[in-house]
Every structure is written in structure tokens, then in C-alpha cells.
Amino acid sequence: MTEKENKNVKTHLEILSGTQMVTADGSAISDIALGTLYFGSRISQLESERLLDLFFDGGGNQIDTARCYADWLKDGAGASEKTIGRWLSSQRRESVFLGTKGGIMPRGYNATRGNLEEEHLEKDLSASLAALRTEYIDLYWLHRDDLRYTAGEIVERMNRWIQQGKIRYYGVSNWSAERIQEANAYARAHRLQGIGASQIQYGLGVCTPTDWGDESIVCMNQKEYEAYCRLQIPVYSYSAQAEGYFSIYLQKGHEALQADTRKKYDTAVNRRRAEYLARLMKKREISLSWVMAEYVLRSPFPAVFIMGGSNAARMQEIMQLRREHTKQLTDAEWAQLPCCFVR
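Described below are features of the structure shown in this document. For clarity, every value in this text was computed on a predicted model and none was experimentally measured.

## Re the state of the cysteines
According to the stated counting rule, one finds zero disulfides in the structure shown. Distance from the sulfur of Cys 68, which forms no disulfide, to the nearest cysteine sulfur (Cys 219) is 16 Å. Judged by relative accessible area, Cys 68 falls into the buried class, the value being 16%. Overall, Cys 219 belongs to the buried group, its relative accessible area being 5%.

Here is the structure:
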């Protein structure tokens, strides 16, 4: 695909409503971001670069990574950022919307796992900039909250980085909507840049922090959903594909699920949702991969679907259906999905 053709594809992706975030060259950012959890660790450098190229050729321009990705694997710490950095060094930097995360500690550090001490954050950011081979991060995420600091203190710190040219926007991951509202109220009152986006667990697979065994994460629920309908800031959906729960459950049954996936997602609500989709699939052909994306992208607030980057065929299918603005389920069928959140 030529550069001109690629630009034309991007113009057909829906622009995220309610946000002014753009690439450094002023292009709209895609509402599908490429997740890179195992790039450079379980996925080789060569294959990671192939997947990145496929994603950008398909019309995407937004990458999601983190300082801590795969740090539980031998030689995995920093691998995702380093792998992206090698690829990025051969790209036109201004056309790539790059997001990474910092400010997290291992479980047991504190109640929220966040460490937003200035020294710790500076260390994380410096390491990310070096690994990614870039002078700035487009969207810097605080991976967890840290309730030792007021929302205002955190806003001030992020704005200093913006003024220094180290980051362009900042977002928060696993923060409550209430805390985000507090931070952005402070930013407005002091004429500072507020939180540009939130990243939480959100997708067709409904779960809870208890299901994950990690009370420091935030999962979409009715209270958060109503808050985002009011806030209208972009919600980035991690684990939006529910670790393959729906396809495995429907094709092979719950016995075939990995133990961790079963613990998180094999609930009464998700079984009902799976069985509802199975009834629809008997009537016509439906792509489960696209259903996962469409569920997020049709939200009543700006939303970004973070797509797992390990399967090239699935990635190409999702990107093609996005370009075609495919709607597999009618509004009435979506409304009948069991246990829907309501505005």
C-alpha cells in the first residue's frame, strides 16, 4: 500500500469525538490501537515488526505499550518498548501515535500498586524514551493511581513534562472516573492540560477486580459507564478480547479454557452473552473478532479498541471490517445482549 493510499484509509477511520489528540503531524488517530504486550519476548523482533507493518498498512497509527510489559518473563522487562523502538527508528516519527505507561510497582507495594513519586516517574519516563528511541511520548499513561498524592499534584507534574516537551498528552490507567473528574476539574481551574484518556478493562467479556485477583485494577461497571457517558473522554479498552474466552467457550467448551481465563471470564453473565451470540451465529455468519471490536467502538462515549497484536490474520480481518464500517449486529440485537450497561 502506498503512503497516499494509507493516508486515505486513515481518513475513513472514525475520528475520536470529544478529544483533540492527534499525531504530531496533525493526523487523526485511529480508534483501534495495537497492543504489544509480548513484542520482543514471546513474539520475536522480526515477527513484531511484521505485525506493526501490517497494522499501519491496514490504517492504524496508534501503538499501546508499557514499561513493565512482560517483566514477569525471563529477559522480558522492557522488551516491548525496545522492540517498538527499533521499528520506530525506521519510521516517520510524527505519523505514529505512541503510548506507553509508567508508575507501577509489583503487587504488595501498596493498595493501588501505583508509585507516582517524582523520582520514580522520572526514572520510568527516561527509560521509556531511551528504549523507544524517541524524544517524546505522544500519550503517557500513569499505569495505576497513587492515592498518596492529590489529583492536583499529579496534574501539575504531568503538565511540567508537557512544557518540557517530553510528552504531548497524558492518560491514566485503572483510575476511577471520580478521580479523573477531580483531576480535570483542577486542570480547568488552573488552565492546565487535563487527563486526555482513561484505560480500564472494558469489553464484551464482563469481569471484576476480584475475578482478576487484583483489586488495583478498574473494570467497567454500571457506575463507571454512567460516569464516562457524562465525562465524554476516550476510554481505551484493555483485555477487550477477553483472552479469547468467547471463541474457545463456543467452539470447545469451558474445559478448554486456560485456568486464568476461566477464573476471569467464565461467569454466568459471559456464558449468557456467548450463548446469545451462538444463536445469532446459527442465523448468519458473524466474525467474533469483529464483534469484540464493535462492542467497544459503538460506545456512547469516545472509545479505543486495544487489539491484541499476536495474530496477523485476526488483525487484518478486524482492520478490514473497520475500514468497511461493518455493522454485524443491529441496534435491536445489541440492545438484547444480556446484562447491558445502560446510560
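Alright, that's what it looks like, and here's the rest.
## Concerning the pattern of salt bridges
Inspection of the entire model under this criterion finds 19 salt bridges. The closest approach of N and O atoms between Arg 113 and Asp 214, which form a salt bridge, is 3.3 Å. On the criterion of sequence distance, the pair formed by Arg 113 in the loop between β3 (97-102) and α4 (118-132) and Asp 214 in the loop between α7 (209-212) and α8 (222-231) is long-range, its members being 101 residues apart. The pair formed by Arg 113 and Asp 214 is uniform in burial state, with each residue classed as buried. Among the salt bridges present, the one from Asp 214 reaches Arg 144, with a minimum N-O distance of 3.2 Å. With Asp 214 in the loop between α7 and α8 and Arg 144 in the loop between β4 (137-142) and α5 (151-163), the pair connects residues that are 70 residues apart, well separated along the chain. Taking relative accessible area as the criterion, Asp 214 reaches 6% and is therefore assigned buried. When salt bridges that share partners are traced, they join Arg 93, Asp 138 and Arg 168 into one network.

## Quick look at the pairing of strand β5 (residues 167-173)
Burial within β5 is extensive, with six of its seven residues counted as buried. Alignment of β4 against β5, held across five bridges, turns out to be parallel. Pairing of Tyr 140 across the sheet is with Tyr 170, part of β5. Running through α5, the crossover from β4 to the neighbouring parallel element β5 is right-handed. As paired elements, β5 and strand β6 (residues 198-201) share two bridges and run parallel to each other. In the sheet register, Val 172 faces β6, and the bridge partner there is Ser 198.

## Details of the nonpolar core
In a soluble, globular protein the nonpolar side chains are often hidden away together inside. Tyr 236 and Phe 305 are the most contacted members of the largest nonpolar core, which has 99 residues in total. In contact with Tyr 236, other than residues within four places in its own chain, are Met 21, Ile 29, Gln 62, Phe 97, Leu 139, Trp 141, Ala 197, Ser 198, Gln 199, Ile 200, Val 304 and Ile 306.

## What to know about the side chain of Glu 81
On the secondary structure map, Glu 81 appears in helix α3 (residues 79-88). There is a polar contact of 2.7 Å between the side chain of Glu 81 and the side chain of Ser 128. Among all residues touching Glu 81, those that are not within four sequence positions of it are Thr 65, Ala 66, Arg 67, Thr 100, Ala 127, Ser 128, Ala 131 and Leu 132.

## Side note on α3
Along α3, eight of the 10 residues are buried, which leaves the element largely enclosed by surrounding structure. Every buried residue of α3 is listed here: Ala 79, Ser 80, Glu 81, Thr 83, Ile 84, Gly 85, Trp 87 and Leu 88. Buried positions along α3 lie against α2 (45-57), β2 (62-64), β3 and α4.

What counts as what
- For every chain, the first residue of its written sequence is number 1, and the numbers climb from 1 along that sequence.
- Local features are withheld for residues below a pLDDT of 70 in this predicted model, meaning they are given only at 70 or higher, and side-chain atom pairs are given and counted only at 80 or more; totals for whole chains, interfaces and linings count all residues.
- Processing note: side-chain calculations cover all non-hydrogen atoms of the structure and skip hydrogens and water entirely.
- Disulfides are defined as pairs of cysteine sulfur atoms found within 2.5 Å of each other.
- Type-normalised accessible area, obtained with a 1.4 Å probe on protein chains alone, sets the label of each residue: buried when under 20%, exposed when over 50%, and partly exposed for intermediate values.
- Definition used for salt bridges: Asp or Glu carboxyl oxygen within 4 Å of a side-chain nitrogen of Lys or Arg.
- In this text, helices come from DSSP runs of H or I with a minimum length of four residues, and strands from runs of E with a minimum of two, each type numbered from the N-terminal end.
- Two strands form a pair only when DSSP identifies at least two bridges running between them.
- Whether a crossover is right-handed depends on one test, that the path from the first strand over the helix to the second runs clockwise when the strands point away from the viewer.
- We define the nonpolar core as a collection of buried residues of types Ala, Val, Leu, Ile, Met, Phe, Trp, Tyr and Cys that are connected through side-chain atoms lying within 4.5 Å of one another.
- For this analysis, residues touch if any pair of their heavy atoms sits within 4.5 Å.
- Polar contacts here mean pairs of N or O atoms no more than 3.5 Å apart (in protein, one a potential hydrogen donor and the other a potential acceptor; neighbouring residues in sequence count only if both atoms are side-chain atoms).

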